[in-house]
Amino acid sequence: MAEEQMEEASTATPFQLQFDKPIPFQIKMAEWNPEKDLLAMVTDDSKILLHRFNWQRLWTISPGKCITSICWSPDGKIIALGTEDGLVLLHDVENGKMLRTIKSHDVAIVCLNWAEDDPLSRTDNDDVLSYEDRTTRFFPPAPVMPRTGGLSSGDTGLADENEEAIQEYSSASCQRFNILCSGGKDGCICFSIFGIFLVGKININKIPIHVQSSGKSSYQFRDASISKVSLSRNLHKLVLLCSGKLIDTDNLSRSNSISVGLHCLHLDSSIFFNRKNELHQVSQQASSIQDLVEVVRASISLMSKQWSSAMNLFHEKFSALPSLIVAHGVESSSEDEFLSLLFGTRTSPALHQFLASSLGEAGLKRIAKAVDGAGREIRGVVSEHLQPAVETISFRLAELRGLARWRSRFQNIGLDEKLIDGVTESIGMLVVQVERFSRVAATVLYLFQNFFTWVLKCVKILLTEPTDQVPAANSELVVIFLKFLLDKDPIKQLLEADERFECDIDTTRHVEELVVFGGFTDTQFLERSLVKQLNELEESLKEAFLMPFTTISSQIHCQGLLPLYPVTSSVTLSSTCVLTSLSFYKDENSQHDESSYSLTDYLCFKIPDGSLNKRNCIGVIKDFCDSCTALSMPSPSGFLLRIPDEYECVDLSLYKDNQVVLLLSERSCCDGPGRSWMLLLQIDNFSFTPLSRTYPANIYSLQELVELDLQLDTDCGKVRSIPHTVSTPLAVSASRGVACVFSSRRHALVYILDEDEDEDGDEVSDME
């Protein structure tokens, strides 16, 4: 009977099949671009594929990590990937290049949701409190990572070939306020503004859960894992699904004090809406500062590598002298031998052999070329990357310092004036250290150039004239050479974190006077190296930005709890594929004005067979969030939809206009390849039953809902027959009006959901 209903429904209102294409991979995740006809897919071996609507493949990348979740940025320009080791990878849609790597979790990221502030939610104050990033008025485009010769860009940093896209992405001022929410396997949810600035984190295993309908009882989760998160477009509401143990902490002695299952939580995220202007401004500056700090560190690292390479060659060539001294039976050292050379006395046989034979003119020129090349590289990195970066950081921190003094606005999001003052002083000291390094490097390179010129002259004399005497060098060359011969390289010392410099008493007193005169407190900065000063800047930045992180995290509270269904154990739940979908729809019947329109939350999920004594059932719930805000609000309501026994639900997804798409597959049969069905159901056509709010929060009130049989011969929606067995995932795009399903024979079928197919186009064709 059910199959006859399916046949009748599918011939009445089928979807249009756009194409059926083979795909040589097993797909585990797929997501449509919200703005373009692009489909991103993740294979079982964690390759990322991007296809156009006509199935033209744009690119394939292999991040080298196990991908556990995927989502698009609201503007469709960025793909966000969650990994098994807690990283969020941001890739450019144009070419797949990595833009950012953010370490936000310690465990696998199982779900991602990227929400953008809806223009309709703007208030009158938004224009008054708008803020212009003035950095571009006074500075050229921000410097990027310095390029390393001979190395190609990879997936661990900023790509050389993608600098324009990175700069555009970093320019947060041109973006509408948006937040990337990521849910971890350990119950943690992280919030990143523009996907890059981590502004908050909560752990549902640690937050108290107080429910109005439960009297004075309080609850706590244990061993909970996030399954799905969804932030509303007006940023007020966050709905999440989590699996784990729910414990009634006030009644542990009761037999039902612990329940294991899937639960729905409503978190109050109105802090993001109420302070979105302030958060936009702070994150705009902070994210740019963090990027520039990475440029500074990469610049120092590159200079250190280049200089170390030249000095290794220097020491390698001059290391032959001690063995020659021993071979000639002379009781001397390399330092003594070169002192005699530098002061113009006679050269010993060992030193003569070293200069004329071991080192030679060719060896000396090679060292001089290496040092000169390293010097030019250092000068270029300082002028094009390091110095512009620290100067821009200084300006942006000055902007943050000005914002921090507006206490009525920015103190509520944790922007602390004293901490920002401390960071401002640290960057000021770093600017001085960069200038100091530039002068030291210029002096050393100048003396090295003169030294090599003089040594080359000595070598030529020893090779061409029968003499053991050479002209004396000036005192500056004597000092610089002895420093390097004794491994007292001033450039190396400034580029090492553990070096400490000693200053004479007069210099120390003069520096203290200047520092105090400038209104600062750090009088010891000359004792630190360039790297040490950068480390102190990063520590002060971490402390300053931790305050907004902590403040925002503390203002996200649990507003409501709805247990959905129980399972026998948390192990069973974690090993089961949980089919769920969350979405918010604008309430067309609300009387609010456009700036404060109402959103209704919808939740669709499959109930595991046997749970709640149900079998082959789909649950749909709405108005959960509104019912949590006050007892005067309507109770949440819903219905259960029973699928015919001949079919099982493979996947489901909420669509637009209060619709849901179900993907059903015929249960295994031995006499055929199997068939499947795709249904587009209008949720409002079903009768919703209110849920009681008098139960304790750990009682599954969904048993109250009426179980409705899915009757496909009614006008409940559209049905399409698929002559193959299908598998997860189901990828649905509300903005494009399409759905992509994957058959077990590794084919991808794309359907247009909002158009009816012509009568003569009912047959599904294979386009091999």
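Right above here is the structure, for reference.
What comes next concerns the included structure. Model, not experiment: these values are computed from the prediction. (Residues numbered from 1 in each chain as written. Predicted model: local features only at pLDDT ≥ 70, side-chain atom pairs only at ≥ 80, totals over all residues. Heavy atoms only, no water.)

Take the packing of aromatic side chains next. By convention here, two paired aromatic rings are described through the distance between centres and the angle between planes. For the structure shown, the criterion picks out twelve aromatic pairs. For the ring pair Phe177 and Phe194, a centre distance of 6.3 Å and an interplane angle of 80° mean the geometry is edge-to-face. Taken together, the residues Phe177 in the loop between helix H4 (163-170) and strand S11 (178-184) and Phe194 in the loop between strand S12 (188-193) and strand S13 (197-203) connect sequence positions 17 residues apart. Given the relative accessible area of 4%, Phe177 is considered buried. For the ring pair Tyr647 and Trp677, a centre distance of 6.2 Å and an interplane angle of 85° mean the geometry is edge-to-face. Residue Tyr647 is found in strand S23 (residues 647-654), and its partner Trp677 is found in strand S25 (residues 676-682); the two are separated by 30 residues along the sequence. Accessibility classification places Tyr647 together with Trp677 in one group, the buried group. Taken together, Phe138, Phe139 and Phe395 form an aromatic cluster joined through their ring pairs. Residue placement shows Arg409 over the ring face of Trp406; its charged tip is 4.5 Å from the ring centre. When the ring centre of Phe688 is taken as reference, the NZ or CZ atom of Lys622 above it lies at 4.4 Å. (Phe/Tyr/Trp six-rings, centres within 6.5 Å; stacked < 30°, edge-to-face > 60°. Helix = DSSP H or I, 4+ residues; strand = E, 2+ residues; numbered from the N terminus. Buried < 20%, exposed > 50% of the residue type's maximum accessible area, 1.4 Å probe, protein only. Lys NZ or Arg CZ within 6 Å of the ring centre and 35° of its normal.)

The next point concerns the sheet that holds S11. With respect to topology, four strands assemble into an open sheet ordered S10-S11-S12-S13, the strand pairing being antiparallel. Edge positions in the open sheet fall to strand S10 (109-116) and S13, since each of these has one partner strand only. Strand after strand, the sheet turns through a mean of 20° between neighbouring axes, direction not considered. Its contacts with the sheet place helix H6 (residues 276-318) against S12 and S13, and it is angled at close to 110° to S13. (Pairing = 2+ DSSP bridges. Axes fitted to C-alpha atoms, helices over the stretch in contact; angles between N-to-C directions. Contact = heavy atoms within 4.5 Å.)

Evaluation of the coordinates by the stated rule reveals zero disulfides. The closest cysteine sulfur to the non-disulfide-bonded Cys190 is located on Cys188, 6.4 Å from its own sulfur. For the unlinked cysteine Cys649, the closest cysteine sulfur is that of Cys604, found at 7.5 Å. What makes Cys649 buried here is its relative accessible area of 4%. (Disulfide = S-S within 2.5 Å.)

Taking strand neighbours across the sheet as the criterion, the four strands line up as S6-S7-S8-S9 in an open arrangement whose pairing is antiparallel. Here the strands that pair on one side only, and so sit at the sheet edges, are strand S6 (67-72) and strand S9 (98-103). Geometrically, the sheet is characterised by an average inter-axis angle of 20° between neighbouring strands, direction not taken into account. Alignment of strand S7 (residues 78-83) against strand S8 (residues 87-92), held across five bridges, turns out to be antiparallel. The residue of S8 that forms the bridge with Gly82 is Val88.

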